[in-house]
Amino acid sequence: MPYGPLGAASHGSHAADGYEAATVRPYAVTGGRVRSALSDLPLEALVEVLPGAVASRGLTPEKRAILAHAAHTYVSIAELSALLRLPLGVVRILVADMQEEGQLAVHTSTPVNVHTGHGSSQSGLSLSVLESVLNGISAL
């Protein structure tokens, strides 16, 4: 039996069709986009499905797969990329689109604003508070 380009048994042109679809698919999934407004999401950003998103209609298979994987637990964008076997950039665009549509919430880590006493006086920890904490730790 002849084998196709991916080592699978070929039945006529099915293996060639699968190979061709695999090379075109990421471009087709994103509609040709390589970026979206929010597609610079970090790899470790956690995805959460919002209530009512599972009942959404007209979703692509990739978006349905994202909802299925994130329905019961938080899943990172990197994990979704591996689970869906899609390039990271494609998953970022899909997640960003779904976030804009109100189907997903994306949780990213944000750095803590520590005010050291220099510059503006906006909220944050002052230098005196940090010194007090350090003195307290040293006293232990």
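Parameters and conventions
Residues numbered from 1 in each chain as written. Predicted model: local features only at pLDDT ≥ 70, side-chain atom pairs only at ≥ 80, totals over all residues. Heavy atoms only, no water. Helix = DSSP H or I, 4+ residues; strand = E, 2+ residues; numbered from the N terminus. Buried < 20%, exposed > 50% of the residue type's maximum accessible area, 1.4 Å probe, protein only. Contact = heavy atoms within 4.5 Å. Areas by Shrake-Rupley, 256 points an atom, 1.4 Å probe, with all protein chains shown as cover. Axes fitted to C-alpha atoms, helices over the stretch in contact; angles between N-to-C directions. Parallel < 35°, antiparallel > 145°, perpendicular 65-115°, else oblique. Left-handed = near helix turned anticlockwise from the far one by under 90°. Nonpolar A, V, L, I, M, F, W, Y, C, P; charged D, E, K, R; others polar. Arc of directions from axis to C-beta. Pairing = 2+ DSSP bridges.

1. As for the overall build of the protein chain
Phase 1 of the analysis: The helix and strand tally for the protein chain stands at 5 helices and 3 strands.
Phase 2 of the analysis: Listed N to C, the secondary structure of the protein chain is α-β-α-β-α-α-β-α in terms of helices and strands.
Phase 3 of the analysis: Classification of the 140 residues of the protein chain by burial places 27% in the buried group.
Phase 4 of the analysis: Contacts spanning at least 24 positions in sequence make up 60% of the contacts within the protein chain whose residues lie at least 6 apart.
Phase 5 of the analysis: Just so you have it, the protein chain exposes about 9,300 Å², and 58% of that area is on carbon and sulfur atoms.

2. Digging into the packing of helix α2 (residues 61-70) against helix α3 (residues 77-84)
Phase 1 of the analysis: Where α2 meets α3, the closest approach of the two axes is 11 Å, and the angle between their N-to-C directions is 120°. Of the possible angle classes, the one that applies to α2 and α3 is oblique. Of the two elements, α2 crosses α3, and the hand of that crossing is right-handed. Of α3, the residues touching α2 (which contributes E62, A65, I66 and H69) are L80, L83 and L84.
Phase 2 of the analysis: Its residues assigned to classes, the contact of α2 with α3 shows 5 nonpolar, 1 polar and 1 charged.

3. As for α2
Phase 1 of the analysis: Buried within α2 we find E62, K63, I66, L67 and A70. The buried side chains of α2 occupy one side of the element, clustering within an arc of 140° when seen end-on.

4. Looking at the environment of L41
Phase 1 of the analysis: By the element assignment, L41 lies in the loop between α1 (14-29) and β1 (46-49).
Phase 2 of the analysis: Linking L41 and I93, residues 52 residues apart in sequence, is a C-alpha distance of 8.9 Å.
Phase 3 of the analysis: Each residue touching L41, except ones within four places of it in the same chain, is listed here: I77, R92, V95, A96, Q99 and V106.

5. Things to note about the environment of L46
Phase 1 of the analysis: Relative to the helices and strands, L46 is located in strand β1.
Phase 2 of the analysis: For the pair L46 and A70, spaced 24 residues apart in the sequence, the C-alpha separation amounts to 9.2 Å.
Phase 3 of the analysis: Not counting chain neighbours up to four residues away, the residues in contact with L46 comprise Y74, V75, S76, A105, V106 and H107.

6. As for the sheet that holds strand β2 (residues 75-76)
Either a parallel or an antiparallel arrangement is found when strands of a sheet pair, and the pairing is made through backbone hydrogen bonds.
Phase 1 of the analysis: In space, the 3 strands of this open sheet follow the order β2-β1-β3, with antiparallel pairing throughout. Both edges of this open sheet fall to β2 and β3 (104-107), since each of them pairs with a single strand only.
Phase 2 of the analysis: Taken together, the 2 bridges between β1 and β2 define a ladder with antiparallel strand orientation. Each bridged residue has a counterpart across the sheet, and for V47 the counterpart in β2 is V75.
Phase 3 of the analysis: In the packing of α2 onto the sheet, the strands contacted are β1, β2 and β3, and the crossing angle to β1 comes to about 95°.

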